[in-house]
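In case you want the letters, here they are:
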Amino acid sequence: MDCTCMELALEGERLCKAGDCRTGVQFFEAAVNSGTDDLKTLSAIYSQLGNAYFYLQEFGKALEYHKHDLNLARTLGDRVGEAKASGNLGNTLKVLGKFDEAIVCCLRHLDLSRELKDRIGEARALYNLGNVYHAKGKHTGRSGNQDPGEFPAEVKECLVKAAEYYEANLAIVQELGDRAAQGRACGNLGNTHYLLGNFSQAIIYHQERLAIAREFGDKAAERRAYSNLGNAHIFLGEFEVAAEHYRKTLQIAKQLGDKALEAQACYSLGNTYTLLKDYERAIEFHMKHLKIAQELEDRVGEGRACWSLGNAHTALGHNEEALQYASKHLEISKEIGDETGQVTAQMNLADLKSVLGIKVGPDEGHRPSPLDHLDVGMYRRTGVSRRHSMEQMELMKLTPDKKGETIPVHGGARPKIPKVQKSMTVATSETIIAKNQAPMVETLSPEDDGFFDLLSKFQGRRIDEQRCSLKLPGEKNGLLESENKENKPKLVSTPDSENFLDMVAGIQGSRMNDQRASLPQFPGLNSQAVINQYLRERNVNDVPDDSFFEMLMRCQGSRIDDQRSALPHNRPAPTVPDEDFFGLIQKVQSSRLEEQRTSLPDKDEISPPQQASVKKKKK
C-alpha cells in the first residue's frame, strides 16, 4: 500500500510540473484514498494538493489541505514544514479575503524562518506579508472610489506597511543576488507608491522593474511595467511621455497575441490623446478598442468605448455622430445596470439634442440631480425653492383619536394595543398651521397612562425572574439567620424534581459538547495509532508557546467575519484596464471646474440700493 501511494503521488507531482494540474490532482487524491503510514509522505501530499488546488483556483480545497499540512507538521514537531505550511495557508487566506488571518499565518512563517536562520524563507515571508497588506489596503479603499494618494488613514496605514515589508524583502534578495525576486519586489513597490500618491518614487521602481524584465526577456512583466509607467506619468501631467509608454504596451500586447490586453492599451491611448486634445487620433484608438470589445463580447468595455467616442466627436463638432454613440452608451448602460453611465448618457443626449434643435423628451429636459427622486414640495424646478419651517409642519399623532376606549384585560392575556395610523404625508397648504397660531400638542389621557402601567407591569416580571437572592450571614432585619430559616418554607426533594433537574442538566450539557473541538483527522492515514506511537517515541510534553495561542485567538476572533455579506461584484471588463482611465481623466480635468467658479461678493461691497432690495425680499 505504501509503494502504491508513493507511486501515485510521484505521478501526480510529475503531471503538475508538466502543467496538467487537473489530472495531477486526481492522482494525488487517489494516493490519499490509497492511504499510508508514512507521515512525511502524507505531509508532502497535503502540500502538493493544496498548491495544485490553488493553481486551479479552487481555494476552498486548497485551504483544507494546507490546514491538514499545518496540523500534521505541528503534530510531528516539524518546524520547517510548519513554516512552509503557514506561508501557503497565508497566501490562500489572502485570496479568500481573510486578511487578518493571513497576516497571522505569514507572521508565523516569518518568525519560524528567522528562528531557523532561513534567509530564503524569511524573504518569502516578508514578500507574502507585503502582498497581504497591499491587497487589504486596495480592498478597503475600493468602496470609496478615491484617487491614488487620497485614501483614508486606515488604507494608507496598510499600504505603508506593505511598502516596509517589500523593502525588507528587496534588501534580502539583493543580498542573495536573486534578480528575478528583485524585479518582483520593485514592481510591487512601484504599485504601492503609486497608490500612496508618490508618483515619482513609483516611476523609479517601475523603471528598475522594466530593466530586470528585459534581462530575463519577460515580455508580460515588461508590458506591465510600461503600463504602470504610463499611469504614473498621467498623474504627473506628462501626457506625451505617458502616450509613448502606452504605445510600447500596445506593441508588446500584439506580440503576446492577447486581444484583451491590446484593447486595454488602445483604451489608454485613446484617452491620453483626448487629454492632449488630439481628438482624431483618440477616435482612431477608441474605434480599435470598440471593435475588440465587440469581438470579445465585453459589454462594459463597449459602453466605455461609446462614451469616449461620443466625447471625442462632440469636441470636434460632429454632433450627429456623437448623438449616435451617446444613444448606444445609454442602451448598454441600461443593459448592464450601470446607473452612473445612464445618468451621464442622458445628460450628453440632452445637450446634443439641444444643440441639434431636436425636441427633448420629458426625461431629458434637465440634468439629473440627486434630489430629483424626492417627491416633496420643498424642491421644485419652478417657483421658489423655500423650505417650510418645522413649526409649520403638522404633528404626527402618537396616540389614538378615540378617548373613551379602555383596554380590556382578560386574565393573563397579552393586552391588545390600539392601531396607530402608519402613513404620514407631507403637509399641504390646508394642513399648515398659521404662523401666529400656537402649535397644538396632544396630551396623554388617563387611559393611556393605565396602558403604560400595564405594559410596565408585564415587562417587569421578566426582570424579576432573573434576580438572585443574597444570603448574608448573621442578623438580617433584626432577626437571626436561623430564625429566617424557620419562617421560610422548606424545599422537599421529590423523585419528579430530581428527574426534572437531571433532564435540565442533560440538555445544558449537550450545549457544551456542541462547542468542543475534535482532534484533527488526517485523510490518507491508515491508522491513528501511528500518530500515538510517534508521540510516545518522542516522549515530549511540549506546551504550545504564547505565539501559537495568540495566533489561535486571532484566527478564532475573525470567525464572525465569515458571516458578513460580500459587496456585489462588478461586471467583468477584460478590455478595460484595472486602473480605469476615466478616474485619471476626472482627476486631471477636475481643476478646470475650480477655475470657472466665482466667489460671492463681500457684504461691505454691496451697494446701499442692493442692500435695501435684499432686506425687502427678506420681509
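Residues numbered from 1 in each chain as written. Predicted model: local features only at pLDDT ≥ 70, side-chain atom pairs only at ≥ 80, totals over all residues. Heavy atoms only, no water.

## Description of the overall build of the protein
So, point 1. Of the regular secondary structure elements, the protein holds 24 helices and zero strands.
So, point 2. A burial count over the protein gives 35% of its 619 residues as buried.
So, point 3. Within the protein, residue pairs in contact and separated by at least 24 positions form 59% of the contacts whose partners lie at least 6 positions apart.
So, point 4. Total accessible area on the protein stands at roughly 40,000 Å², and carbon and sulfur atoms take up 52% of it. (Helix = DSSP H or I, 4+ residues; strand = E, 2+ residues; numbered from the N terminus. Buried < 20%, exposed > 50% of the residue type's maximum accessible area, 1.4 Å probe, protein only. Contact = heavy atoms within 4.5 Å. Areas by Shrake-Rupley, 256 points an atom, 1.4 Å probe, with all protein chains shown as cover.)

## Some points on the confidence of the model for the protein
So, point 1. Overall, the predicted model of the protein reaches an average pLDDT of 76, with 60% of residues at or above 70.
So, point 2. Low pLDDT, under 50, characterises residues 365–444; the predicted model gives this stretch 53 contacts beyond four residues in sequence or across chains. (pLDDT = per-residue confidence, 0-100.)

## Details of unusual backbone geometry
So, point 1. Even without being a glycine, glutamine 57 presents a positive backbone phi close to 65 degrees.
So, point 2. Within the fold, glutamine 57 resides in the loop between helix H3 (39–55) and helix H4 (59–76).
So, point 3. With a relative accessible area of 61%, glutamine 57 lands in the exposed category.
So, point 4. Even without being glycine, lysine 277 reaches a positive phi, approximately 65 degrees.

## Things to note about the packing of H3 against H4
So, point 1. Two elements in contact, H3 and H4, have axes whose closest approach is 8 Å; the angle formed by their N-to-C orientations is 155 degrees. Between H3 and H4, the crossing angle belongs to the class labelled roughly antiparallel. The element H3 and its partner H4 pack so that their crossing is left-handed. Counted together, Leu39, Leu42, Ser43, Tyr46, Ser47, Leu49, Gly50, Asn51, Tyr53 and Phe54 of H3 and Phe59, Lys61, Ala62, Tyr65, His66, His68, Asp69, Leu72 and Leu76 of H4 form the full contact between these two elements.
So, point 2. The class makeup of the residues in the contact of H3 with H4 is 11 nonpolar, six polar and two charged. (Axes fitted to C-alpha atoms, helices over the stretch in contact; angles between N-to-C directions. Parallel < 35°, antiparallel > 145°, perpendicular 65-115°, else oblique. Left-handed = near helix turned anticlockwise from the far one by under 90°. Nonpolar A, V, L, I, M, F, W, Y, C, P; charged D, E, K, R; others polar.)

## Notes on the packing of aromatic side chains
So, point 1. Under the criterion given, the structure shown has nine aromatic pairs.
So, point 2. Ring plane angle 10 degrees and centroid distance 4.8 Å describe the contact between phenylalanine 199 and phenylalanine 235, whose orientation is recorded as stacked. Taken as a pair, phenylalanine 199 in helix H10 (residues 199–216) and phenylalanine 235 in helix H11 (residues 219–235) lie far apart in primary sequence, 36 residues in all. Just as phenylalanine 199 is buried, phenylalanine 235 falls in that class too.
So, point 3. By the ring-pair criterion, three or more aromatic residues cluster together here, those being Tyr46, Tyr53 and Tyr65. (Phe/Tyr/Trp six-rings, centres within 6.5 Å; stacked < 30°, edge-to-face > 60°.)

## Structural notes on the pattern of salt bridges
So, point 1. Considering all chains together, one arrives at 23 salt bridges under this definition.
So, point 2. In this structure, glutamate 222 and arginine 214 form a salt bridge, with 3.9 Å as the shortest nitrogen-oxygen distance.
So, point 3. Its salt-bridge partner being lysine 259, residue glutamate 262 comes within 3.8 Å of it at the nearest N-O pair. Of the two residues, glutamate 262 and lysine 259 are both situated in helix H13 (residues 259–275); the distance of three residues between them amounts to about one turn of the helix.
So, point 4. By sharing partners, the salt bridges in this structure join Arg74, Arg79, Glu82, Arg108 and Glu115 into a single network. (Salt bridge = Lys/Arg side-chain N within 4 Å of Asp/Glu carboxyl O.)

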